[in-house]
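Notes for the structure review
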Amino acid sequence: MDANHEARPLAARYIDFIDYGEAWELQKEFVGEIDREERVETLLLLQHPPTYTLGTDRHPEHLLLDSEELSARGISVYEIDRGGDITYHGPGQLVGYPLIRLDAKGLDLHGFLRELEQVLIDWLAGYGIEGGRKPEFTGVWVGDRKIAAIGIKFNRSRTRRGFVTSHGFALNLKAGIGEEGFSGIVPCGIQQFGVTSFEDLTGQAMEPERAAREILPHFMRRFGFRPG
């Protein structure tokens, strides 16, 4: 954060479990209210039931299960308006939706993605995990395995020049999440690399609510917020 700019207030809200469609509608509602300055900028941190989401760069062939298999596994499917291809959300994964304003002055959309990656890289480093990037793929990687997917929508502001962000990151925490959910898709359309999780890497269980509490200060520091 620029030392000459005062930190803005941020509201943070943790939701233990929420249906993907309900959370998507909540994001749309909050984006409009933030744009009209009826709500402070917000970071939603939550878990979803088993869900596949296909972004605007979707390739339906990357969903490997038919409707009968999806029903048997209890997995919902949504075609949504964030960038990227297909990914999985489910129990044991922390999902974060930053609903924040980006001013048009000096705007760097790619820079926003890199900063969001850095929030998670910084948190992982506290546990001795060396997270990093692959230049051609958005997200956070540990070696050749992705631990966090990132997909953002930049909603054009109706009240000023700039954007309000929605959607966000999905951080894998629980061991075996790759087999549980990602085995039914080609994650983000990337066939040559796999996925991993915090527990797979450390042998330690990590509750999503705890991860949310610990990641929040990293997010506020990186993006120049104070508790609101």
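Quick caveat, the model's predicted, so the values are computed rather than measured.

Following both chains from N to C, one finds helix α3 (residues 109-125) and helix α6 (residues 208-223) inclined at 135 degrees, their axes separated by 9 Å at the closest point. Regarding the angle of α3 to α6, the classification is oblique. Read as a crossing pair, α3 and α6 show a hand that is right-handed. Here α3 contributes Phe112, Glu115, Leu116, Gln118, Val119, Leu120, Asp122 and Trp123 to the contact with α6, which in turn contributes Ala211, Glu214, Ile215, His218, Phe219, Arg222 and Phe223. Here the contact of α3 with α6 is composed, by residue class, of nine nonpolar, two polar and four charged.

With that out of the way, let us pick up helix α1 (residues 20-35). Helix length check: α1 (16 residues) gives 22 Å between terminal C-alpha atoms against 22 Å at 1.5 Å per residue, within 8%. The complete set of buried residues in α1 reads Tyr20, Gly21, Ala23, Trp24, Leu26, Gln27, Phe30, Val31, Gly32, Glu33, Ile34 and Asp35. Here α1 starts with a cap whose side-chain oxygen sits 3.0 Å from the backbone nitrogen of Gly21, and that cap is Asp19. Once α1 finishes, Glu37 follows within two positions and takes phi at roughly 60 degrees, a positive value.

Our focus in this paragraph is the packing of aromatic side chains. Inspection of the entire model under this criterion finds twelve aromatic pairs. Between the aromatic rings of Trp123 and Phe198, the centroid separation amounts to 5.5 Å while the plane-to-plane angle is 35 degrees, which identifies the pairing as tilted. With Trp123 in helix α3 and Phe198 in helix α5 (residues 198-202), this pair connects stretches of sequence that are 75 residues apart. For the pair Trp123 and Phe198, a shared accessibility class is recorded, and that class is buried. The residue whose ring lies beneath Lys28 is Trp24, and the NZ or CZ to ring-centre distance is 4.1 Å.

The next thing to look at is the sheet that holds strand β5 (residues 86-89). A sheet is described by the order of its strands in space; here three strands give the open sequence β4-β3-β5, paired in mixed fashion. Pairing within the sheet leaves two strands with one partner each, and these edge strands are β4 (76-79) and β5. Sheet twist, expressed as the average angle between the axes of neighbouring strands with direction ignored, equals 20 degrees. On the sheet, α1 packs against β3 (51-54), β4 and β5 and is oriented at approximately 30 degrees with respect to β4.

By the criterion of burial, strand β11 (residues 162-172) is predominantly enclosed, with eleven of the eleven residues buried. Across four bridges, strand β6 (residues 93-99) lies against β11 in antiparallel orientation. Bridge pairing in β11 links Gln93 to Asn172. The pairing of strand β7 (residues 101-103) with β11 spans three bridges and is classified as antiparallel. Paired with Asp103 across the two strands is Gly162, which belongs to β11. Across nine bridges, strand β10 (residues 145-156) lies against β11 in antiparallel orientation. Of the residues in β11, the one forming a bridge with Arg156 is Phe163. In sequence, β10 turns back onto β11 through a hairpin of five residues.

Quick look at the pairing of strand β9 (residues 137-142) now. β9 sits mainly inside the fold: five of its six residues count as buried. With two bridges connecting them, strand β8 (residues 132-134) and β9 associate as antiparallel partners. Note that in β9 the partner of Lys134 across the bridge is Phe137. Here β8 hands over to β9 after two residues, the two strands then running antiparallel side by side. As paired strands, β9 and β10 are joined by three bridges and run antiparallel to one another. Paired with Trp141 across the bridge in β10 is Lys146.

Parameters and conventions
Residues numbered from 1 in each chain as written. Predicted model: local features only at pLDDT ≥ 70, side-chain atom pairs only at ≥ 80, totals over all residues. Heavy atoms only, no water. Axes fitted to C-alpha atoms, helices over the stretch in contact; angles between N-to-C directions. Helix = DSSP H or I, 4+ residues; strand = E, 2+ residues; numbered from the N terminus. Parallel < 35°, antiparallel > 145°, perpendicular 65-115°, else oblique. Left-handed = near helix turned anticlockwise from the far one by under 90°. Contact = heavy atoms within 4.5 Å. Nonpolar A, V, L, I, M, F, W, Y, C, P; charged D, E, K, R; others polar. Expected span 1.5 Å × (residues − 1). Buried < 20%, exposed > 50% of the residue type's maximum accessible area, 1.4 Å probe, protein only. Polar contact = N/O pair within 3.5 Å; in protein donor to acceptor, adjacent residues only side chain to side chain. Phe/Tyr/Trp six-rings, centres within 6.5 Å; stacked < 30°, edge-to-face > 60°. Lys NZ or Arg CZ within 6 Å of the ring centre and 35° of its normal. Pairing = 2+ DSSP bridges.

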